[in-house]
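The lines below spell out each chain.
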Amino acid sequence: MPDALRGALISCGFFANNHLHAWHDADGAGIVALCDTDASRLHAVGARFGIERLYADAERMFAEERLDFVDIATTVGSHRALVEMAARQKVAAICQKPFAATLADAEAMVACCAHAGVTLMVHENFRWQTPILAVRRVIDSGRIGAPFWGRISFRSAYDVFSGQPYLAQGARFIIEDLGIHILDVARFLLGEVASVTARTRRVNPAIRGEDVATMLLGHDGDVTSVVDCSYATRLERDPFPETLVEIDGTRGSVRLSQGYRLTVADRDGAITSDVAPLLLPWATRPWHNIQESVLSIQRHWVACLRAGCEPATSGRDNLRTLALVQASYDSAATGQTVRLPAPAL
Ligand code: NAD
Ligand code: 89V
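Residues numbered from 1 in each chain as written. Chains lettered and ligands numbered in written order. Predicted model: local features only at pLDDT ≥ 70, side-chain atom pairs only at ≥ 80, totals over all residues. Heavy atoms only, no water.

## Some details on the nonpolar core
1) Next: By size, the foremost hydrophobic cluster in this structure holds 114 residues, and its most contacted members are Val70, Phe99 and Leu189.
2) Next: Ranked by the residues each element gives to this core, the list is headed by helix 7 (residues 174–190), at 11 residues. (Core = buried A, V, L, I, M, F, W, Y, C linked by side-chain atoms within 4.5 Å. Buried < 20%, exposed > 50% of the residue type's maximum accessible area, 1.4 Å probe, protein only. Helix = DSSP H or I, 4+ residues; strand = E, 2+ residues; numbered from the N terminus.)

Set out below in structure tokens:
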């Protein structure tokens, strides 16, 4: 396409392959340059995807390339410097989750991009999963009435550490890495959160951070939800990476159960449908649910850049999810309920 948006991807790591496959499938944008400080990864990924403009240094890449956007898929430690570098160059930026190591860093990144007038999106892809979107459509249809209670659950014993060894090393693990998605889904389905009470523990002795977390959320409008996450739960059939959802409303209920089954029940009965994600040609089970959502969020980015509108998971929006992550750790550390400030208008 002659007027395709010109993008660069920073990272040739574990998850970057999914971004690259999805950019290949997303009409209206393409990756023209790659950057990674690890030369062997940079050259291997460049060769695999046929991308010849390769950089070990992001500053040099910005200086030499004419870019419409940059997709930052590195781990959290480099996010602030790279997002602020993009803003200085007036290049729109996507940043992988976790957006920032601290809320203060995230606020500075949002302010910097706003000041530079560049669009900023956090790659918060779980709410873009086909089954999660199906739950949201049920709620929006009004069929179950007004939601008053929910449970968003992710429990597994899948070995995430073999692909992402850094996850075993941080003082924080499951809320920061996985809970961040599930808390964002809770916001997406049930609205903003005013209070959180959390408990955490570590079951796996081979890792440093917590691998089990339970959060009781008080949403605006007197809605209550439980967000529970575990990487220490052995089940007959491991559901990884499915997020399971239960929502009760004033007229009915919706359940997203294992195997991507969606059941909507009300006084007239219940209907179950299959809301499985597509298995894209480059995807591999069981990751295909996440992989499809990468394509969906990247398509959303292209549509937003073309229309000049704010992405659903903008940096500004993600401040609320990050605040919820921080509040969950604070609550778990103190044993107290933590109240979150009302969202800024
Ligand atoms: P990784 O360590 O495998 O890859 C990161 C790469 O970034 C490495 O190759 C490293 O050399 C490179 N890098 C680091 N700093 C750099 C810099 N300043 N300039 C250029 N290159 C730099 O990590 P990963 O497992 O691919 O995870 C990356 C991010 O993606 C993490 O934040 C992780 O939480 C997130 N992630 C998201 C999902 C999702 O579904 N949204 C899934 C997996 C991982
Ligand atoms: O989304 C992530 O960052 C991943 C996974 C889904 C495996 O937790 O680490």
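Structure's up, so let's keep going.
## A few points about the packing of aromatic side chains
1) Next: One pass over the full model with this rule turns up 10 aromatic pairs.
2) Next: For the pair Phe161 and Phe173, a centre-to-centre distance of 5.2 Å together with 55 degrees between the ring planes defines the contact as tilted. Of this pair, Phe161 sits in the loop between strand 7 (147–155) and helix 7 while Phe173 sits in the loop between strand 7 and helix 7, placing them 12 residues apart in sequence.
3) Next: Aromatic side chains Phe240 and Trp287 sit 5.2 Å apart centroid to centroid with 70 degrees between the ring planes, which places their arrangement in the edge-to-face category. With a gap of 47 residues between them, Phe240 in the loop between strand 10 (223–230) and strand 11 (244–249) and Trp287 in the loop between strand 14 (269–274) and helix 8 (288–307) connect regions that are remote in the sequence. Of the two residues, Phe240 and Trp287, both sit in the buried class.
4) Next: Among the aromatic residues, those joined into a cluster by ring pairs are Phe14, Phe154, Tyr158, Phe161, Phe173, Tyr231, Phe240 and Trp287.
5) Next: For Arg136, the ring lying beneath its charged end belongs to Phe188, and the centroid distance is 4.6 Å.
6) Next: Its guanidinium or amino end placed over the ring of Tyr329, Arg172 lies 4.1 Å from that ring's centre, counting from NZ or CZ. (Phe/Tyr/Trp six-rings, centres within 6.5 Å; stacked < 30°, edge-to-face > 60°. Lys NZ or Arg CZ within 6 Å of the ring centre and 35° of its normal.)

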